[in-house]
Amino acid sequence: MQDQLNMVEELISTFLNDNQEGKKQLIEWFLNEVMDREAMDQIMAKWYERSEQRKAHRNGKRKRSLKTSDGDLTLEKPQIREFPFETQVFDRYSRVERAVESATLESYIQGVSTRKVKSIVETLGIRKVSPSYVSSLSSELDEKVKEFLERPIEQGIRYMYVDATYIKVRQDSRYKSMALYIAAGVREDGYREILGARLYDSETEIDYESFFDDLKDRGLKGLDLVISDGHKGIREAVLRSFPGASWQFCHVHFIRNLMKKVSRKKWGSVSLIVKESLENPSLMPLAQQALIDNGMDRAAEMYGRWSDSLYNYQSCPQQHWRRIRTTNMMERLNYEIKRRTKKVGAFPSEKALIRLAGSILMDMNEEWITGRKYLRIEDLHGGGVPL
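Residues numbered from 1 in each chain as written. Predicted model: local features only at pLDDT ≥ 70, side-chain atom pairs only at ≥ 80, totals over all residues. Heavy atoms only, no water.

### What to know about the pattern of salt bridges
Part 1 of the reasoning: Tallying each qualifying case throughout the model produces 21 salt bridges.
Part 2 of the reasoning: Across the pair K63 and E76 runs a salt bridge whose closest N-O atoms are separated by 3.5 Å. Taken together, the residues K63 in strand 1 (residues 58-68) and E76 in strand 2 (residues 71-80) connect sequence positions 13 residues apart.
Part 3 of the reasoning: Measuring nitrogen to oxygen at the nearest pair gives 3.7 Å for the salt bridge that ties K216 to D213. Of this pair, K216 and D213 both sit in helix 6 (residues 205-217), separated by three residues, roughly a single helical turn.
Part 4 of the reasoning: Because the salt bridges share partners, they merge into one network encompassing R151, R187, D189 and E193. (Salt bridge = Lys/Arg side-chain N within 4 Å of Asp/Glu carboxyl O. Helix = DSSP H or I, 4+ residues; strand = E, 2+ residues; numbered from the N terminus.)

Structure follows, in structure tokens:
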């Protein structure tokens, strides 16, 4: 334990003195630790441990390189004598990195790169870039992403979250913002799952219907509630595509829209009753009156216009309310996509964007379905509280 603490202190010291090299060493140390833990789990015993559960024995380590946007890493892959060692490190860590590299290099090849893009290419450790290299790098990722986005939806989905994020893509000689639609859901066993993603020119009812038709064709069923922002296209498409399911206006987005019609000075005097009324329908008239009394008639009118879509979450089990009245679950997805796409800037093609976004979603999906349940399974069959 003391040796490990000394190692960490040394890595931190290197990082403080040389940020780039220190970061590489920290990542190398962490990924080596992950592989050691994987080996321990597969062998069913610690180093030199005598155990009846032991299945195999270690057989040294072999150096493996991993190309990342932080440079080439040199990792020590454990070897097992009795059977091959299996690790998720190289596939899971490098998949998104390769997608970033692919998009960047594609820009470089097409002659649309800036000094920043050229700098990124050099940071990746690549001096000479050929179209064949980019093609081979892309084809493997495209196949995996296509398989992921077109896979069957095997379990029933009770709650579905829908969102769109805008990203710049090159078309011919100009760049335009395109809408990346993303759908995620909570399955009948309580785990979250990425359901699909597609790229469209904008957000329209027709495009959302097309997106939902694809999800249904792949097996989407059992839907009780769809949660999204207040875009009219989503709302109308949900009503047409999923008879029997309800649409829930995300409370966070509703408040943001409401605040656009309220002066900042006066928001403090009405914010508490507005937030309380979103949890208790009987308080809605009081919230509307408070808005009117403060000269916010347009906000009060907006409240009434959306009232039939603000409380649908309460028809579901009460234990779920906190997590199904907003699209907060989607925030991390959008953050990761924005963070990663920022490195590329504007994408050279739609395929390059789907390649990177799909890789990010694959990683997130693995994390969700192997992590903790999002909702308790026993609650999914319970009833709601009548309005």
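### Observations concerning the packing of aromatic side chains
Part 1 of the reasoning: Applying the stated criterion to the full structure yields twelve aromatic pairs.
Part 2 of the reasoning: Taken together, a centroid distance of 6.0 Å and an interplanar angle of 35° make the contact between Y208 and F212 tilted. One end of the pair is Y208 and the other is F212, both in helix 6 and four residues apart, which spans about a single turn. Across the pair, exposure class does not vary: Y208 and F212 are buried alike.
Part 3 of the reasoning: Note on F254 and Y303: the rings are 5.3 Å apart at their centroids and 80° apart in plane angle, and the pair reads as edge-to-face. In this pair, F254 is assigned in helix 8 (residues 251-259) and Y303 in helix 11 (residues 297-305), connecting sequence segments 49 residues apart.
Part 4 of the reasoning: The exposure class assigned to F254 is buried, which follows from its relative accessible area of 0%.
Part 5 of the reasoning: Judged by relative accessible area, which is 0%, Y303 ranks as buried.
Part 6 of the reasoning: The ring of Y374 carries the charged tip of R323 above its face, separated from the ring centre by 4.3 Å. (Phe/Tyr/Trp six-rings, centres within 6.5 Å; stacked < 30°, edge-to-face > 60°. Buried < 20%, exposed > 50% of the residue type's maximum accessible area, 1.4 Å probe, protein only. Lys NZ or Arg CZ within 6 Å of the ring centre and 35° of its normal.)

### Some thoughts on the environment of M362
Part 1 of the reasoning: Mapped onto the fold, M362 is located in helix 14 (residues 350-370).
Part 2 of the reasoning: The spacing of M362 and F148 is 214 residues in sequence and 7.1 Å in space, taken between C-alpha atoms.

### With respect to the packing of helix 8 against helix 11
Part 1 of the reasoning: Interhelical geometry of helix 8 versus helix 11 gives an angle of 150° and a closest axis separation of 9 Å. What the angle tells us is that helix 8 and helix 11 run roughly antiparallel. Every pair of crossing elements has a handedness; the one defined by helix 8 and helix 11 is right-handed. In contact with F254, N257 and L258 of helix 8, helix 11 contributes A299, M302 and Y303. (Axes fitted to C-alpha atoms, helices over the stretch in contact; angles between N-to-C directions. Parallel < 35°, antiparallel > 145°, perpendicular 65-115°, else oblique. Left-handed = near helix turned anticlockwise from the far one by under 90°. Contact = heavy atoms within 4.5 Å.)

### Focus on the environment of M160
Part 1 of the reasoning: Along the chain, M160 turns up in strand 3 (residues 157-171).
Part 2 of the reasoning: Residues M160 and R187, spaced 27 residues apart in sequence, show a C-alpha to C-alpha distance of 9.0 Å.
Part 3 of the reasoning: Leaving out residues up to four positions away in the same chain, M160 has contacts with A183, A184, G185, L195, F212, L215, L220, L223, L225, V226, I227 and F242.

### As for the pairing of strand 7 (residues 246-249)
Two faces, one strand: in a regular strand the side chains alternate between the faces of the sheet.
Part 1 of the reasoning: Sheet topology places strand 6 (residues 225-228) next to strand 7; four bridges connect them, and they run parallel. Bridge pairing in strand 7 places S228 opposite F249.
Part 2 of the reasoning: For the crossover that starts at strand 6, traverses helix 7 (residues 232-241) and ends in the parallel strand 7, the hand is right-handed. (Pairing = 2+ DSSP bridges. Right-handed = clockwise from strand over helix to strand, strands pointing away.)

### Here we look at the nonpolar core
Part 1 of the reasoning: Counting residues in each nonpolar core, the largest one holds 45 residues, and the members touching the most others are M160, F212, L215, L220, F242, F254 and Y303.
Part 2 of the reasoning: When near neighbours in sequence (up to four residues on either side) are disregarded, F254 contacts F249, L278, M302, Y303, W306 and L310.
Part 3 of the reasoning: Formed by 38 residues, the second largest nonpolar core is a distinct cluster that contains M178, L180, L225 and I360. (Core = buried A, V, L, I, M, F, W, Y, C linked by side-chain atoms within 4.5 Å.)

### Topic: the confidence of the model for the chain
Part 1 of the reasoning: For the chain, the average pLDDT comes to 80, and 77% of its residues sit at 70 or higher.
Part 2 of the reasoning: Considering only residues more than four positions removed or in separate chains, one finds that residues 108-118, a stretch of pLDDT under 50, has 18 contacts.
Part 3 of the reasoning: In the predicted structure, residues 382-387 sits below a pLDDT of 50 and forms 14 contacts with residues beyond four places in sequence or in another chain. (pLDDT = per-residue confidence, 0-100.)

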